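# Close look at the chain arrangement
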Amino acid sequence: MLPHTKTPEAIAEELGSDLKLGVTPERLPYLAGKFGENKLTEAKKKSAFIKFLEQFKDVMIIILLIAAAVSFVLAAIEGELKEFFEPVLIVFIVILNAVMGVSQENKAEKALDALKNMTAPRAKVIRGGKESVIDAAGLVPGDLILLEAGDFVPADARLVSSSSLKSEESALTGESVAAEKAFDITPAKNAPLGDRINMVFSGCSVTYGTAKAIVTATGMNTEMGKIAGLLQNQNDGGTPLQKKLAVMGKYLGVVALAACALVFVLGLAFGIDDVRLLFMTAVSLAVSAIPEGLPAVVTIVLAIGVQRMVKRNAIIRRLPAVETLGSATVICSDKTGTLTQNRMTLLKAYSDESRSVEDISDENSEEIKRLLLYASLCCNGSVAFENGKEVHIGDPTETSIVAAAAKNGLFKEELNESYPRIAELPFDSDRKLMTSVNLIDGKRVAIVKGAFDMLLPRCSSGDLARAASVNEAFGKNALRVIGAAYKTLADDEELKIESLESNLAFLGLAGMIDPPRPEAKEAVGECLLAGIKPIMITGDHVITASAIARELGILKDGEEAVTGEELSAMSDGELVSRIRNISVYARVSPSDKIRIVKAWQSLGEIVSMTGDGVNDAPALKAADIGCAMGITGTDVAKGAADITLTDDNFATIVQAVKEGRGIYDNIKKVVGFLLGTNIGEIFSVFFAMLIFKLPPLLSMQLLWINLVTDSLPAIALGMEEIDRDIMSRKPKPANEGIFANGFGTKIIFQGVMFGALTLAGYFIGSAAGGADGGRTMAFIVLAVTQLIHSFNMRSDRSLFKIKPFANKKLNFAAAAGFLLTAFVAFTPLVNAAFGLVYLDWRLYLAALGLAAVPVPVLEITKLAAAKRKK
């Protein structure tokens, strides 16, 4: 059913209702049974247990659990309590990681809860000819509802009658001006929501006038319900970082399993019949291949980014969202309240008396002040001043006039006292005019304001040709134009529309707009510099949207602005082929927004969507990253988004992008640092088994290195300051792997070097103190190597050109790692638990010498890379 195309009588007949009596008590049970309650249904929620189990899908976690199981079996065979230390440690790490993951999953549930809370709880209804107030949940299609200013609309409904009705629908359509409604107009079949002026919609509010309407849709069948359904049907995809780490985990898993199998085969081929030793080596290989600390370190680094973002007025609801925003290549932004101030502002005024146009200021000419005085007297809206801020009350068009008058010292309350209103003809959608009669200097003066084309034929004096020219010029600049005129009434003249609104003297024009935020233009410029394409998506008219977009730098010469109707006529293929040249979308629906987001995503772009209304929520959820406005944003938008901007400032997005890029850089350093260690461990364990037929490091020693001497410096690396030129770089391609541009080769080279140094340490130590001595020296070499190497990972530039100790947190982490390593190596009982022994002091010096080797080696490679770049 398309109710906006039907008469109220046809709808009533179809639903078995009556336009005077409403739904009868006999008919009510049938309709209630057929359509159900007027409520939004919820998506089925996962239990905490299911969420917990889903954390164990990761390949790296599965391999660790297998290693723990094997280690438990070996410990049980040995029968000694100390043997259980290792498997318990592995299981503890896995469970801790799962608990951290569960705490982040609540996004879709909050969005739907917010939508439920927005629906009106009570409704005025006529049933069986009697008026009553009922729970909105009990409404059925066919009910007659009564609406007045201040009411929330409880369901979608077709107007039966109305008087000067206006509905605030910005959350649904994106328009900042309240929509004028008329019961006796039938829009086109394909009219967008904003143009269905004979309809009112669930969850919106009535700002002016009264109406009677027949309910056409309830619950999930309303426009708001359809948005709830769209939210349920949108799946949260993994972020780029999650996907890359998942792929990396699979590769590491394959490497670990292949290495374990190869060790078994080679061990048996070399005549090693100690199956327990082979199992121990396999567990060591599995542990060495898995960077146990990586999930926790990445989470911590992202959490640090979240804290930084809060200071910059951005609240992150999902940790990986920070990194994703840094990868964004397209930002689709709502216009109203995001790029603009969401407040109609009077910019220009034309006075017929002076025949001149002026920008509104606090020192306008006397002629413009007279225009503002008369127009303000003919307004019902008001502006209050609280703590130095303007608070607009009433229709935005009227409050913009009242605010402009106040700026010139003409305050509404004082004007009402000096020039009291004695009569009023309210605005209606037929006349598109409002008239007030005020006492001015002892005479009755009729002041008329409204649409210029309706006012023009009612004027008998003034330069109307000049006024028409100014009106056209204002319109081309996307200004909403209001005309004003007046007449002094004779003492015996009756207060009738025919006489009050005829033979008028033209006063002038007022041009207003919802202006761009001052900081938005600079933010858009920074986005363009960073290689990010900003897109405006709005429910407003295309002329207004295009003017704002041009002023901000979003819409450039040669680029397109399309309407929702034009978009609907495009096939998905045509949209994808044209989308790179379209910068503005006007008069669009919620499903259009998702279509735009997905079209960009199909081209491999990482899409961010910003917005504040209910209409933005599905696209916020479908996008790679959703940013909701915190002040003007609805709870629905905030619940669906990944990030909430507490200052509603588009410029905050630029800071979020900068922070996201910096965090990705730091995480890349962390991954490189940790994987270098893991490759070194795999290399040393595998080749030691081939050469010495013994593992050079026990699995608990490897766990210690991975979790202590690796993880502490890794966290500090994640807190490196962001490079100053990071916003002058282009976004990295969406399909670019974390190991692109030679990064993977560099990690392998470093890992092989660490492995060779570890084997050298094992060889030297075992020659002096047997297998235990070899493991002790290998442990010290690998642990201290990582602590020193963490400083190399700070930058691709030479360590001595970047102030090597500028990162104080890294200094502390390295010192703590060194002290903890010394504690394990030299404390009685503790070193025995870790399988370590005391060495000759000369072997300790040799170990430190081997650990320092990476510094000169990597300095040489950095120098060579710099020369190649030049």
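Residues numbered from 1 in each chain as written. Predicted model: local features only at pLDDT ≥ 70, side-chain atom pairs only at ≥ 80, totals over all residues. Heavy atoms only, no water.

## Details of the overall build of the protein
Threshold: Per the convention used, a helix needs a DSSP run of H or I reaching at least four residues, while a strand needs a run of E reaching at least two, with both numbered from the N terminus. Partly exposed residues are those whose accessible area sits between 20% and 50% of the maximum for their type, while under 20% is buried and over 50% is exposed, using a 1.4 Å probe and protein chains only. Should any heavy atoms of two residues lie within 4.5 Å, those residues are counted as being in contact. All accessible areas in this document rest on Shrake-Rupley with a 1.4 Å probe, and a residue is counted as covered only by the protein chains that are shown.
Helix and strand content of the protein: 34 helices and 25 strands. Among the 870 residues that make up the protein, the fraction classed as buried is 54%. Here the analysis covers contacts within the protein between residues at least 6 apart in sequence; of these, 71% occur between residues at least 24 apart. Roughly 36200 Å² of accessible area belongs to the protein as shown, and the carbon and sulfur atoms make up 59% of that amount.

## Some points on the pattern of salt bridges
How we decide: The salt bridge criterion pairs a side-chain nitrogen of Lys or Arg with a carboxyl oxygen of Asp or Glu, the two atoms within 4 Å.
All chains considered together, the criterion is met by 35 salt bridges. A salt bridge links D359 to K348; the shortest N-O distance between them is 2.6 Å. With D359 in strand 11 (residues 356-359) and K348 in strand 10 (residues 345-351), this residue pair connects regions lying 11 residues apart in the sequence. Among the residues examined, K348 registers a relative accessible area of 28% and is labelled partly exposed. A salt bridge links R580 to E605; the nearest nitrogen and oxygen atoms lie 3.0 Å apart. Of this pair, R580 sits in the loop between helix 23 (572-578) and strand 22 (582-586) while E605 sits in the loop between helix 24 (590-602) and strand 23 (607-611), and the two are 25 residues apart along the sequence. Classification of R580 by relative accessible area gives partly exposed; the value is 45%. Relative accessible area serves as the criterion here: at 17%, E605 is assigned to the buried category. Through salt bridges with shared partners, one network takes in R196, E223 and K226.

## Some details on the packing of aromatic side chains
As a reminder of what qualifies: The criterion for an aromatic pair is that two Phe, Tyr or Trp rings (for Trp, the six-membered ring) have centres within 6.5 Å, with stacked assigned to planes under 30 degrees apart, edge-to-face to planes over 60 apart and tilted to the rest. Any Lys NZ or Arg CZ found within 6 Å of a ring centre and within 35 degrees of that ring's normal is scored as a charge over the ring.
Per the stated rule, a full pass over the model turns up 10 aromatic pairs. These aromatic residues form a ring-pair network of at least three members: F683, F686 and F687. K668 extends its terminal NZ or CZ atom over the ring of F743, reaching a point 5.1 Å from the ring centre. Positioned over the ring face of Y664 is K732, at 3.9 Å from the centre of the ring.

## Re the environment of E26
Mapped onto the elements, E26 comes out in the loop between helix 1 (8-15) and helix 2 (28-35). Classification of E26 by relative accessible area gives exposed; the value is 65%. Along the backbone, E26 and G128 are 102 residues apart, and their C-alpha atoms lie at a distance of 9.2 Å.

## Points about the nonpolar core
The cut-off we apply is this: To form a nonpolar core, buried Ala, Val, Leu, Ile, Met, Phe, Trp, Tyr and Cys residues must be joined to one another through side-chain atoms within 4.5 Å.
The biggest cluster of nonpolar side chains holds 83 residues, and the ones touching the most others in it are I643 and F650. It is helix 27 (residues 650-691) that provides the largest number of residues to this core, a total of 13 residues. The residues touching I643, leaving out its near neighbours within four places in the chain, are M309, A314, I315, I316, A321, L325, I625, G626, C627 and A628. Ranked by size, the runner-up nonpolar core spans 40 residues in total, among them A282, L697, L702 and L843.

Read these as layout, nothing more, since geometry by itself doesn't imply function.
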